[in-house]
Amino acid sequence: MQLRFLFAVCAGLGLTFASVAQERGRFEGGRPTHPLLLAGNGYFVVVNPDGTIAQRWGGSNNNDGWYLPNGHLLATDGSAWELDANGKCVWRYKAKDGTGGGVYSCQRLANGNTLIAENSTGTIFEQTPSGERINVIRVPLNKGNRHQTLRIVRRLPNGNTLVCRSGAATVEIYDTAQKLIWSQRVPTLAFAAIQDGEGNIYISSLGQVQKWSRDHQLLWELKASETGLPVKNMTGLHLLPNGNLIIGCYAYGKGVGAFEVTPEKKILWHYSSGRGNDSHMAVQLLDPAIKTPNR
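Residues numbered from 1 in each chain as written. Predicted model: local features only at pLDDT ≥ 70, side-chain atom pairs only at ≥ 80, totals over all residues. Heavy atoms only, no water.

J.: Residue-level account of the pattern of salt bridges, with values.
T.: As enumerated under the stated definition, the model contains 10 salt bridges in all. In this structure, the salt-bridge partner of R295 is D64, at a minimum N-O distance of 3.5 Å. Of this pair, R295 sits in the segment after β26 (283-285) while D64 sits in strand β6 (residues 64-67), placing them 231 residues apart in sequence. What emerges from the salt-bridge pattern is a single network uniting D64, R154 and R295. (Salt bridge = Lys/Arg side-chain N within 4 Å of Asp/Glu carboxyl O. Helix = DSSP H or I, 4+ residues; strand = E, 2+ residues; numbered from the N terminus.)

J.: Describe the sheet that holds strand β24 (residues 258-261), listing the residues and the values that go with them.
T.: The strand order β3-β25-β24-β23-β22 describes an open sheet built from 5 strands, whose pairing is antiparallel. The outermost strands of the open sheet, each flanked by one partner alone, are β3 (26-28) and β22 (234-239). On average, each strand axis in the sheet is tilted by 20° relative to the strand beside it, whichever way the strands run. With 4 bridges joining them, β22 and strand β23 (residues 245-249) adopt antiparallel strand pairing. When the sheet's bridge partners are listed, M234 is paired in β23 with C249. (Pairing = 2+ DSSP bridges. Axes fitted to C-alpha atoms, helices over the stretch in contact; angles between N-to-C directions.)

J.: Which residues make up the pairing of strand β11 (residues 114-118), and what values go with them?
T.: Of all 5 residues that make up β11, 5 are buried, and the element is covered over most of its length. Alternating positions in β11 separate into two faces, T114, I116 and E118 on one and L115 and A117 on the other, with burial throughout. The hairpin turn running from strand β10 (residues 103-108) into β11, its antiparallel successor, is 5 residues long, and G112 in that turn takes a positive phi close to 90°. Sheet topology note: the β11/strand β12 (residues 123-127) ladder contains 5 bridges and is antiparallel. (Buried < 20%, exposed > 50% of the residue type's maximum accessible area, 1.4 Å probe, protein only.)

Fair warning: the whole summary comes from geometry, so function is off the table for now.
Printed below as a string of structure tokens:
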């Protein structure tokens, strides 16, 4: 993958990306097979397997991000926005009500619409390129702390919608008629959820990542304490075609910011930005062979 150093500003958002030749992260124990997109504390980066930074963008409280096939960056940091390959802001959505943090999740769909999770109002919807809001799902606001209403939301291949209700410590699936059809409680704040090819659901909830069957059987669990590394606050998830997981960590301090783990719980590599206190709440392996990233 050829990645360019760029510099641009998205007016009104404070977003930049620039050459960062002096900056690099650190992989230990091994290295990923391809560059990684990582959401950091106030920035996004594409980091090469040798730890050098190939691209860098700014941002705020970055929760979700995608390196799109056309080279654009789609991301959320309270707003949802897209930058083209030259750093120009080509699309933006900002919630009218920003209470609790605004927008925390987005996904570009095959039909060209963008799936948006508006934490501030407990509303999930598709926005068409013309700005129309369709297929609306509403969940209850988290009582006492609206910041913890929603986190990552994903549209599944069959058209259903996978929803993390953070403070409710619950992951739900809604069908194409926006009806609740599945619900699973987890030990603590539900951050991210993804579905594998057999319909099982991986869920990150800070101290653990669990794999649940659709009939609510716990099939697999990785606790932070099992890794043998200073891992905490597991959040971002990317399931690879070989069954490995790449996991990103929130507010990891001097510990592990991201790592790859096999189904047998072997850690293949782990990464730190070296900034001392950082967050990688979104992770994506930029392998061109992965046409539809499961994250």
